Amino acid sequence: MRVEIFTLFPDLFQPYLETSILDKAIKRGLLQVALHDIRAYTTDRHHTTDDAPYGGGGGMVMKPEPVFAAVEGVLGAPPCCPVILMSPQGRPFTQKVAYELAELPRFALLCGRYEGVDERIREHLVSDQISIGDFVLTGGELPALTILDAVSRLIPGVLGDPDGAADDSFASGLLEYPHYTRPEVFRGWPVPAVLLSGNHAEIARWRREQALLRTLRQRPDLLETFPLSQADRKFLDRIRNESEPDSPPPEITG
Ligand code: 9D3
């Protein structure tokens, strides 16, 4: 897979690309990341990339010329692969979208800065817009790294475990059960006894119930679409009946 990144801050990407699991993917030839500095495509003496908005109001707007020159210079006109604008107005990024992008041999991520980009970029250059959530960042660079990270780990061979991505929390639709490792007692806090029992059926049941409990408490929205088994329903009904109506579900304990 090849990812083209268009940004005013290419230096932001290097440390993360060199430090993470992405570095291994790049070295193994599974992933190529090309960074393109939009400022390098300016033609004026001051290398201007932003300007005041027509119609007035505050904030600055990213100029169209350097962005078109960068994207079309690298990808041609029209662009030879999807060009995805990182934008607060984009469709929400989810694990499903990550799987979607993981199928592509090549795509481009365009990072905006300032209060926004000239609308003609949206209208005539990009094929898709993605947001990573309803909070305000200072630019599209962290969203681009987020998407790159989430998509890269889905490329076969990038994770050590060949089917590691398959039982991811959001892939299965429930939050994960609690994990413990040595020591058996840390600061007086013991590992739940069931995990030391060697009874694999009991362990599986406990983990399933903990996953259901956590999801009920932290992300009840996920339970609305998750295909619950009969045993799951029975467990959740029991939990709901044990707690007072309209009170939060009980604490998660061993
Ligand atoms: C007051 C209007 N603001 C929109 C919420 C203007 C604005 C603020 C911050 C426009 C762009 C930005 C910079 N953010 C991004 O470019 C961005 C982003 C984000 O802020 N949150 C979640 N996902 C994304 S993707 C790109």
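This text goes with the structure placed above it.
Keep in mind that this is a model prediction, so the values were computed, not measured.

## Quick notes on the pairing of strand β1 (residues 2–7)
Working note: regular strand, side chains alternate between the two faces of the sheet. Buried residues dominate β1, accounting for 5 of its 6 residues. Pairing geometry for β1 and strand β2 (residues 32–37), over 6 bridges, is parallel. The residue bridging Val3 from the neighbouring strand is Val33, located in β2. Relative to strand β6 (residues 106–111), β1 runs parallel, the two being bridged by 5 bridges. Paired with Arg2 across the bridge in β6 is Arg106.

## Describing the site of the ligand
In the neighbourhood of the ligand, 16 residues make up the surrounding shell, with Glu115, Ile132, Gly133, Phe135 and Leu137 lying closest. Ile132 places a main-chain nitrogen or oxygen 3.0 Å from a nitrogen atom of the ligand. Here an oxygen atom of the ligand and a backbone polar atom of Gly140 are 3.5 Å apart. In isolation the ligand has 570 Å² of accessible area, and contact with the protein removes 74% of it. Taken together, the elements giving at least two residues each to the shell around the ligand come down to β5 (83–92) and β8 (128–131). Here the shell around the ligand takes 3 residues from β5, the largest share from any one element. Its residues assigned to classes, the shell around the ligand comprises 9 nonpolar, 6 polar and 1 charged.

## Notes on the packing of aromatic side chains
Each aromatic ring pair is specified by the distance between its two centres and by the angle formed by the two planes. Under the defined criterion, the tally for this structure stands at 1 aromatic pair. Between Phe186 and Trp189, the aromatic rings sit 5.8 Å apart at their centres with planes inclined by 55°, giving tilted as the arrangement. On the accessibility criterion, Trp189 (56% relative accessible area) is exposed.

About the cut-offs
- Residues numbered from 1 in each chain as written.
- Predicted model: local features only at pLDDT ≥ 70, side-chain atom pairs only at ≥ 80, totals over all residues.
- Heavy atoms only, no water.
- Buried < 20%, exposed > 50% of the residue type's maximum accessible area, 1.4 Å probe, protein only.
- Helix = DSSP H or I, 4+ residues; strand = E, 2+ residues; numbered from the N terminus.
- Pairing = 2+ DSSP bridges.
- Near = heavy atom within 4 Å.
- Polar contact = N/O pair within 3.5 Å; in protein donor to acceptor, adjacent residues only side chain to side chain.
- Areas by Shrake-Rupley, 256 points an atom, 1.4 Å probe, with all protein chains shown as cover.
- Nonpolar A, V, L, I, M, F, W, Y, C, P; charged D, E, K, R; others polar.
- Phe/Tyr/Trp six-rings, centres within 6.5 Å; stacked < 30°, edge-to-face > 60°.

So yeah, pure geometry; function would need other evidence.
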